[in-house]
Amino acid sequence: MGDGIEEQFPDGKTELVDAFSSFGGDALRDVWLFDQSGHESLFLRDDVAEKIADLDVATFVDNERYGYVTRETYSDLHYTSYEYTVRGFDEYEQFRTFLAEDERKIGLFASFDRRSEGYNFGDLSESVQQLVEAYPPEAFDPE
């Protein structure tokens, strides 16, 4: 980040990773930020890095950007506010939410190894929202 944002808000991204790590422990696989044009990996477990080494990560992130559209649809269709989405895969569960509701459209997704007792993603969402309230949106701009 050439505009000094990282120096102004050095802990925003670190605290995000810490929140996800506290929530999932060793089951945390990855944490990613994205906006309309870029993305940044904040955390990537070594075994997951090996599994995605041959994948087109940019295309995967593009798919997550569709969440901007579905979020607006949910807003129009539901009487309550959208908070997050969870998707289940055979090896992991993926959590996605959005950190900025303005034109910035900053999103975040992370995955966790599946476990029989499951996760309380509502608790994770609350932790993320507390961090979003503590920092300005630009603190989470992907590099």
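Above this text you will find the structure in question.
So, here is what we can say about the structure in this document.

Quick notes on the overall build of the protein
When helices and strands are counted, the protein shows 6 helices and 5 strands. Compactness check: the protein gives a C-alpha radius of gyration of 15 Å against a globular reference of 15 Å for 143 residues, within 12% of the reference. Projecting the C-alpha coordinates of the protein onto the three principal axes gives extents of approximately 40 × 40 × 30 Å. For the protein, the share of sequence-separated contacts (at least 6 apart) that also reach a separation of at least 24 residues comes to 63%. Accessible surface computed for the protein: about 8200 Å², of which carbon and sulfur atoms make up 45%.

Quick look at the pairing of strand β1 (residues 28-34)
With respect to burial, β1 is a largely interior element, 7 of its 7 residues being buried. Relative to strand β5 (residues 107-113), β1 runs antiparallel, the two being bridged by 6 bridges. Residue D30 lies in a different strand from β5, and its bridge partner there is S111. In this antiparallel pair of consecutive strands, β1 and strand β2 (residues 39-44), the connection spans 4 residues.

Some words on helix α2 (residues 11-24)
With 14 residues, α2 should cover 20 Å at 1.5 Å per step; its first-to-last C-alpha distance of 20 Å lies within 8% of that length. Every buried residue of α2 is accounted for by G12, K13, L16, V17, A19, F20, F23 and G24. What you see down the axis of α2 is that its buried residues fit within an arc of 155°, all on one side. Next to the buried residues of α2 lie β1, β2, β4 (92-98), β5 and α6 (121-134). Phi for G25, located one or two positions after α2, is positive at around 60°.

Description of the pattern of salt bridges
Counted under the stated rule, the structure contains 9 salt bridges. Linking D113 and R29 is a salt bridge whose minimum nitrogen-to-oxygen distance equals 3.1 Å. In this pair, D113 sits in strand β5 while R29 sits in strand β1, placing the two residues 84 residues apart along the sequence. A salt bridge links K51 to E91; the shortest N-O distance between them is 2.8 Å. Taken together, the positions of K51 in helix α3 (residues 46-52) and E91 in the loop between β3 (85-88) and β4 put the pair 40 residues apart, joining distant regions of the chain. Note on K51: relative accessible area 45%, which makes it partly exposed. Here the salt bridges share partners, and the residues they tie into one network are R29, R45, D47 and D113.

Quick word on the nonpolar core
Core analysis: the biggest nonpolar cluster contains 24 residues, and L16, F20, L99 and F112 have the highest contact counts within it. When contributions to this core are tallied by element, the ones reaching two or more residues are α2, β1, β5 and α6. Per-element tally for this core: the top contributor is α6, with 5 residues. Of all hydrophobic cores here, the second largest spans 7 residues; its members include F34, V57, V61 and F109.

What about the sheet that holds β1?
Read from one edge to the other, the open sheet built from 5 strands follows the order β2-β1-β5-β4-β3, with strand pairing classed as antiparallel. The open sheet terminates on both sides in strands that have one partner only, identified here as β2 and β3. Neighbour-to-neighbour, the strand axes of this sheet turn through a mean angle of 15°, independent of strand direction. Of the strands in this sheet, β3, β4 and β5 are in contact with α6, which crosses β4 at around 35°.

Cut-off values and rules
Residues numbered from 1 in each chain as written. Predicted model: local features only at pLDDT ≥ 70, side-chain atom pairs only at ≥ 80, totals over all residues. Heavy atoms only, no water. Helix = DSSP H or I, 4+ residues; strand = E, 2+ residues; numbered from the N terminus. Rg over C-alpha atoms; globule rule 2.2 N^0.38 Å. Contact = heavy atoms within 4.5 Å. Areas by Shrake-Rupley, 256 points an atom, 1.4 Å probe, with all protein chains shown as cover. Buried < 20%, exposed > 50% of the residue type's maximum accessible area, 1.4 Å probe, protein only. Pairing = 2+ DSSP bridges. Expected span 1.5 Å × (residues − 1). Arc of directions from axis to C-beta. Salt bridge = Lys/Arg side-chain N within 4 Å of Asp/Glu carboxyl O. Core = buried A, V, L, I, M, F, W, Y, C linked by side-chain atoms within 4.5 Å. Axes fitted to C-alpha atoms, helices over the stretch in contact; angles between N-to-C directions.

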